[in-house]
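# Report on the structure
Next come the chains, spelled out residue by residue.
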Amino acid sequence: MTDDQAPVTADALRERMRSAPVLAGPLPSFDPATAGPEPGPLFARWLAYALDDGVPEPHVMTLSTADAGGRPSARVLMLRGVDLDRPAFDFASDAASRKGRDLADRPRAALTWYWPRHGRQIRVNGPVETLDRAAARRDFLGRREASRVAGFTGVMSAPLEGRTAYEEARRRAAGHVAAHPDDVPEGHTVYRLVADDAEFWQAAPAQGHVRLRYTRDPAAPGGWTRTLLWP
Ligand SMILES: Cc1cc2nc3c(=O)[nH]c(=O)nc-3n(C[C@H](O)[C@H](O)[C@H](O)COP(=O)(O)O)c2cc1C
């Protein structure tokens, strides 16, 4: 199957979207009464179940940032690590990229996961810390060669003149990685989003969807308040 066939009309797309299944199930259940006082363990339980149950790429998430003028942008990234106690979520990118520039101007962001097979969405918001060079080194040098070559190929998010320029840069980067296997690109950065709030959303088409939000609250026992939200 390819995507370069005859033109597709908006009407045809609308009809097809209407009849495309969503939240079709069977879905797991979620009883917020069984959720603990902090969001970290619940995140771990849901992600571990997604990994166990073969949900495709459950560690892929959407990162939303905003620039200095408040203009939002979002893209998909890999979750590189998690601290379940805070909880905090690590991702890695190039500091010169659009997201890197956004985070330098406004070090707050949102992360979203959606696992269709389980009808589950998790949303997390909070301030973003930039980890030190040692963390960036560990992250980069632990990657496969192709990923390290990509890290030395051009400047992420900068305009590219054409594929020829890209191929040349990639060849140079491959030579650099072979000659200097311990080198780390200057801009390679590990970021850590520390959750201020976290929302767990469970689809339940027959009974009504469930939303549980945790909000960081130093005055609350355990440091979090829990709130059910109207779905
Ligand atoms: C499945 C998947 C995983 C990705 N993982 C990363 C990642 O871990 N780090 C990263 O910088 N970009 C990753 N990307 C590319 C980003 O989506 C994005 O194109 C890139 O980071 C540039 O974004 P920006 O211009 O908004 O900074 C991934 C893309 C996909 C589709």
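Description of the structure in this document. (Residues numbered from 1 in each chain as written. Predicted model: local features only at pLDDT ≥ 70, side-chain atom pairs only at ≥ 80, totals over all residues. Heavy atoms only, no water.)

A few words now on the site of the ligand. Contacts to the ligand come from Arg 75, Val 76, Leu 77, Met 78, Ala 92, Ser 93, Ser 97, Arg 98, Lys 99, Met 156 and Ser 157. Contact between the ligand and Ala 92: a nitrogen atom at 3.0 Å from a main-chain N or O atom of the residue. Arg 98 has a polar backbone atom sitting 3.2 Å from an oxygen atom of the ligand. About the coverage of the ligand: the protein hides 64% of its 620 Å² of free accessible area. Residue assignment for the shell around the ligand shows that the elements contributing at least two residues are strand 2 (72-78), strand 4 (88-94) and helix 3 (98-105). (Near = heavy atom within 4 Å. Polar contact = N/O pair within 3.5 Å; in protein donor to acceptor, adjacent residues only side chain to side chain. Areas by Shrake-Rupley, 256 points an atom, 1.4 Å probe, with all protein chains shown as cover. Helix = DSSP H or I, 4+ residues; strand = E, 2+ residues; numbered from the N terminus.)

What follows concerns the layout of surface pockets. If you add up the space inside the largest pocket, you get close to 660 Å³. Contributing to the lining of the largest pocket are 27 residues, with Asp 94, Ala 150, Gly 151, Thr 153 and Met 156 lying nearest its centre. Listed by contribution, the elements that provide at least two residues to the lining of the largest pocket are strand 2, strand 4, helix 5 (145-151) and helix 6 (163-179). Broken down by class, the residue content of the lining of the largest pocket amounts to 14 nonpolar, seven polar and six charged. (1 Å grid on protein atoms, 1.4 Å probe; cavity = no way out; pocket = protein on both sides within 12 Å on 5 of 7 lines; lining within 4 Å. Points joined across faces, edges and corners; volume = space filled by probe spheres on them. Nonpolar A, V, L, I, M, F, W, Y, C, P; charged D, E, K, R; others polar.)

With that out of the way, let us pick up unusual backbone geometry. If a residue is not glycine, its phi is most likely negative; likewise, a peptide bond is most likely trans. With omega at 5°, the peptide bond leading from Gly 25 into Pro 26 counts as cis. Along the chain, Pro 26 falls in the loop between helix 1 (10-19) and helix 2 (39-52). Along the chain, Arg 86 connects to Pro 87 via a cis peptide bond; the corresponding omega equals -15°. By the element assignment, Pro 87 lies in the loop between strand 3 (81-83) and strand 4.

This part takes up the nonpolar core. Among the nonpolar cores identified, the biggest contains 31 residues, and Phe 89, Phe 91, Trp 113 and Phe 200 are the most heavily contacted of them. For this core, the elements supplying multiple residues, two or more each, are helix 2, strand 1 (60-66), strand 4, strand 5 (108-115), strand 6 (120-130), strand 7 (188-194), strand 8 (197-202) and strand 9 (210-216). Broken down by element, this core gets its largest block of residues, five residues, from helix 2. In this structure, Phe 200 is in contact with Phe 30, Pro 39, Leu 42, Phe 43, Trp 46, Gln 121, Ile 122, Val 210, Arg 211, Leu 212 and Tyr 214, ignoring residues within four places of it in sequence. (Core = buried A, V, L, I, M, F, W, Y, C linked by side-chain atoms within 4.5 Å. Buried < 20%, exposed > 50% of the residue type's maximum accessible area, 1.4 Å probe, protein only. Contact = heavy atoms within 4.5 Å.)

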